[in-house]
Amino acid sequence: MIRLQNIHKSYITGTNKLHVLKGIDLHIKEGELVSIMGSSGSGKSTLLNILGLLDNHDEGVYVLNNEEIKSMSETKAAKLRNNLLGFVFQSFNLISFKNAMENVALPLYYQKVSRKKRNSLAIEYLDKMGLKEWAHHMPNELSGGQKQRVAIARAMITQPKIILADEPTGALDSATSIEVMDLLREINQSGITVIIVTHENDIAHMTDRIINLKDGVIESIVENNKINHTESVKIPLQE
Amino acid sequence: MFDLDKWQEITAALKKNKLRTILTGLGVMFGILILVTLLGIGRGFQNNIQSSLGNFATNSTVFWVERTTKAYKGLPRNRFYQFTNDDLLALKKNIPELEHIAPDINGWSGGATHNTFRKEKKGNFRIKGTSPEMNMVNPVEVVSGRFINENDLKEFRKVITIGPRVKELMFEEDEDPIGQYLKVNGIFFKIIGEIKPLSNNMGNRDDIIQLPYTTLQQLYNYGDKFYVFLATAKVGESVAELEDKIFEILARRHSIHPEDRQAIGNFNIAKIFNKIFGLFNSIGFLFWVIGFGVLITGVIGVSNIMHVVVKERTKELGIKRAIGAKPALVVGQIINESVFLTTFAGFWGLVLGVVIVELIGKATEGSPNPQILNPYVDINVAFIALGVLVFFGVLAGLLPAQRAIRIKPVDALRYE
């Protein structure tokens, strides 16, 4: 589903050049539940942004869904994001003047789906998240966990192949975090690839594979025991 | 076309800061209001000047006799001559561009005393010889009866038309002057028509008594002579060329040196009219410039606010782009808002402008000497103004929209 080869990315701020990703090689298969772990500044968010076509890489090969991604127009990128990817953000990123249903339905608006159809679909997805009664509430009337579930519904409504979650539990308490993670695991079990960026160990350990990032390179990849989360095997990188 | 989501977005963005939106809208509203009002008033000025010119033929020229300034064919300089009725015929016959020609002859006024009597009423009026053709050059309105006609001229009839002031002084209010007689300079004339001057040109005033110029020439012993005449060129013909031809023929007929232009007085009325119209065109142009300037200031205000709005909504636009909004859609959205704001505000400015112009019209309607007459807003101008507003609305939104999509979605998402 995703294949990265020697991905480099640097940011130029004034006269300084900040080399954030220093050659990332990674292969994520369809249907995987993967977490990208790392402390702040490790480049994990940059990596996710590149994976999510929100940013472009400077060097290397990125193949997404059998299509090589390089210097594409913003229009094309928007289309790919809309069809292939679903985003879940730490700060939920709901549109404040739209209610829960309209927020969920928004990606379908960009696919020119009729209002009636996309709203009924949105209600359906909210129902799956247990938020049907909240469909007509504005984001500021919802709790953090509810907001994140609305955001997940929004990410799911286009039936994407990949869900990219950037610190999805970062703004939630631990009980709600577990709820959200269960939701993401459920989504993964339906066959959708889920990639979660986090700096929390216990969140990372709820995924099948942990990619540890440090200073712009992959330090290690940990395969979790799918049955028992606490037993995990550390696989050293091949030199 | 009607897309509820689109309108929801527009109103949501504009409602976010109502005061700011209203103030920005006011800028555009006043722009269009001032433009429309100025143009309406300009139209009123023009109407006023046009009504005071009446239907006076604007392509006309006037000739009068002067003394010769050059000796010619054995005749001395400083010689005096007069136009004759035969000159009129000769000019008409030989100049195809000539449309109308009419001698302008004055009779005696009573000086300090009176020249007109009826029963115990008396008055002092201007006496003028006229012709049907004069009525084509400098028209009057026939209130009742008729104007002098060709038969009156041919038969030297003692008939007159009278102006409103004459009627007022010589008749009772309920009297019908038609068919009545007036004694003018000792001779009785039958009144055949009551007229009202349409313009203030050429001394065409209310206190006028007009009679056939042939009758006037005969009764005052002028023979077939006169000193002044007016002529008009046919539509599309040059008045200056007509003047050259008239001069040429008159010079030949009166043995005037072909280069002695001073011997025949001549004044191109068309030139003056063109100057006046030119002036009003310039004023109209100036009004456009001022109105447009104010409008543009308003539009710049909108563009400014759109910049701020786009900046404020950077993150929101980033979210939308992340979930699949294409750049064209984002640009379209911002332009929509900008156009909506400008046209909405502009529309009310237009409505208010029309109302103000109407009120000015109502206020000046009754006044005896209005500077502004029947001001109105041309429907074309209104449409042009609206078109311009839409255009500027697009322009005002375009720059901020470009800025909005120049930012990478990742930076937009991170923007706080």
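Residues numbered from 1 in each chain as written. Chains lettered and ligands numbered in written order. Predicted model: local features only at pLDDT ≥ 70, side-chain atom pairs only at ≥ 80, totals over all residues. Heavy atoms only, no water.

J.: Just checking my understanding: could you explain the packing of helix α3 (residues 100-109) of chain A against helix α4 (residues 115-128) of chain A for this structure?
T.: Think of two packed helices as two axes; the pair is described by the angle between the axes and how far apart they sit. Residues and elements named next belong to chain A. Two elements in contact, α3 and α4, have axes separated by 8 Å at closest approach and are oriented at 125 degrees. With respect to α4, the element α3 is oriented oblique. Handedness of the α3/α4 crossing: right-handed. Here Ala100, Met101, Glu102, Val104, Ala105, Leu108 and Tyr109 of α3 come into contact with α4, specifically with Arg115, Arg118, Asn119, Leu121, Ala122, Ile123, Tyr125 and Leu126. Of the residues in the contact of α3 with α4, the class split is eleven nonpolar, one polar and three charged. (Axes fitted to C-alpha atoms, helices over the stretch in contact; angles between N-to-C directions. Helix = DSSP H or I, 4+ residues; strand = E, 2+ residues; numbered from the N terminus. Parallel < 35°, antiparallel > 145°, perpendicular 65-115°, else oblique. Left-handed = near helix turned anticlockwise from the far one by under 90°. Contact = heavy atoms within 4.5 Å. Nonpolar A, V, L, I, M, F, W, Y, C, P; charged D, E, K, R; others polar.)

J.: Which parts of the structure should I look at to understand the sheet that holds strand β14 (residues 228-233) of chain B?
T.: Paired through their backbone hydrogen bonds, the strands of a sheet run either parallel or antiparallel. Residue and element names in this part refer to chain B. Read from one edge of the open sheet, four strands run β3-β14-β1-β15, paired in antiparallel fashion. Every other strand in the sheet has two partners, leaving β3 (98-103) and β15 (264-268) as the edge strands with one partner each. The mean angle between the axes of side-by-side strands here comes to 20 degrees, regardless of whether they run parallel or antiparallel. Pairing of β3 with β14, which is carried by five bridges, proceeds in the antiparallel orientation. Among the inter-strand pairings, Ile101 is bridged to a residue of β14, identified as Ala231. Across the sheet, helix α3 (residues 85-94) is in contact with β3 and β14; its angle to β3 comes to roughly 175 degrees. Relative to β15, helix α8 (residues 239-253) is tilted by about 170 degrees, and along the sheet it contacts β1 (60-65), β3, β14 and β15. (Pairing = 2+ DSSP bridges.)

J.: Even after reading the chapter, I still don't get the pairing of strand β9 (residues 159-162) of chain B, so can you show me in this structure?
T.: Along any regular strand the residues' side chains alternate between the sheet's two faces. Residue and element names in this part refer to chain B. Neither face of β9 is exposed, since Val159 and Thr161 on one face and Ile160 and Ile162 on the opposite face are all buried. By the bridge criterion, four bridges tie β9 to strand β11 (residues 187-197) in an arrangement that is parallel. Within β11, the position partnered with Ile160 by the bridge is Ile191. As defined by bridge partners, β9 adjoins strand β12 (residues 208-212) across two bridges and the pair is classed as antiparallel. From the neighbouring strand, Ile162 faces β12, where its bridge partner is Ile209. (Buried < 20%, exposed > 50% of the residue type's maximum accessible area, 1.4 Å probe, protein only.)

J.: I tried to follow the interface of chain A and chain B on my own but got confused; where do I start?
T.: Size of an interface, as often reported, equals the accessible area lost when the parts are brought together. Contacts between chain A and chain B engage 28 residues on the former and 24 residues on the latter. At the boundary of chain A with chain B, total buried surface from both sides reaches about 2400 Å², with 58% on carbon and sulfur atoms. Counting the surface chain A buries against chain B, the share from its top three residues, Phe97, Tyr109 and Tyr110 of chain A, is 27%. Between the two partners, chain A and chain B, sit two salt bridges. A salt bridge links Asp55 of chain A to Lys408 of chain B; its shortest N-O distance comes to 2.9 Å. Applying the counting rule to chain A against chain B returns six residue pairs in polar contact (both at pLDDT 80 or more). Residue assignment for the side of chain A that touches chain B shows that the elements contributing at least two residues are β1 (2-13), α2 (74-84), α3 and α4 of chain A. Top element by residues in the side of chain A that touches chain B is α2 of chain A. It accounts for six residues. Tallied by class, the residues present in the side of chain A that touches chain B amount to twelve nonpolar, six polar and ten charged. (Buried area = accessible area lost by both parts, 1.4 Å probe. Salt bridge = Lys/Arg side-chain N within 4 Å of Asp/Glu carboxyl O. Polar contact = N/O pair within 3.5 Å; in protein donor to acceptor, adjacent residues only side chain to side chain.)

J.: Can you walk me through the packing of aromatic side chains in this structure?
T.: To describe a pair of aromatic rings, one takes the distance between the centres and the angle between the planes. Applying the stated rule across the entire model yields 14 aromatic pairs over all chains. Between the aromatic rings of Phe63 of chain B and Phe229 of chain B, the centroid separation amounts to 5.2 Å while the plane-to-plane angle is 15 degrees, which identifies the pairing as stacked. Placement of Phe63 of chain B in strand β1 and of Phe229 of chain B in strand β14 is noted, with a sequence separation of 166 residues between them. Of the two residues examined, Phe63 of chain B and Phe229 of chain B, each falls in the buried class. Between Phe391 of chain B and Phe392 of chain B, the ring centres sit 5.7 Å apart and the planes meet at 55 degrees, which makes this aromatic pair tilted. Members of the aromatic cluster, joined through ring pairs, are Phe63, Tyr81, Phe83, Phe226 and Phe229 of chain B. A cation over a ring is seen here: Lys128 of chain A above Tyr125 of chain A, with NZ or CZ 4.3 Å from the ring centre. (Phe/Tyr/Trp six-rings, centres within 6.5 Å; stacked < 30°, edge-to-face > 60°. Lys NZ or Arg CZ within 6 Å of the ring centre and 35° of its normal.)

J.: What should I look at first to understand the pairing of β1 of chain A in this one?
T.: Residue and element names in this part refer to chain A. Inspection of the sheet shows β1 paired to strand β4 (residues 59-64) by five bridges, in the antiparallel sense. In the strand pairing of β4, Leu4 is matched with Tyr62. Relative to strand β2 (residues 16-28), β1 runs antiparallel, the two being bridged by ten bridges. From the neighbouring strand, Ser10 faces β2, where its bridge partner is His19. The hairpin turn running from β1 into β2, its antiparallel successor, is two residues long, and Gly14 in that turn takes a positive phi close to 65 degrees.

J.: Any chance you could explain a negative patch on the surface here in plain terms?
T.: On the surface, Asp173, Glu179, Asp182 and Glu186 of chain A cluster together to form a negatively charged patch. In this structure Asp182 of chain A comes out as partly exposed when scored by relative accessible area, which is 40%. (Patch = residues over 30% accessible without salt bridge, like charges linked within 9 Å, V, L, I, M, F, W, Y side chains within 5 Å. Areas by Shrake-Rupley, 256 points an atom, 1.4 Å probe, with all protein chains shown as cover. Lys, Arg positive; Asp, Glu negative; His and termini not counted. Charge placed at Lys NZ, Arg CZ, Asp CG, Glu CD.)

J.: I'm lost on the environment of Thr343 of chain B in this one. Help?
T.: All names here are of chain B. Considering the arrangement of structural elements, one finds Thr343 in helix α11 (residues 327-365). It is 9.8 Å that separates the C-alpha atoms of Thr343 and Ala385, two residues lying 42 residues apart in sequence. If we ignore the near neighbours within four places in the chain, the residues touching Thr343 are Leu386, Leu389 and Val390.

J.: I would appreciate a short explanation of the sheet that holds β4 of chain A in the present structure.
T.: All names here are of chain A. Spatial ordering of the open sheet is given by β2-β1-β4-β5, a layout of four strands whose pairing is antiparallel. Looking along the sheet, the strands with just one partner apiece sit at the ends: β2 and β5 (67-68). Strand contacts of helix α1 (residues 44-51): β1, β2 and β4, with the helix running at about 115 degrees to β1, the strand carrying the most contacts.

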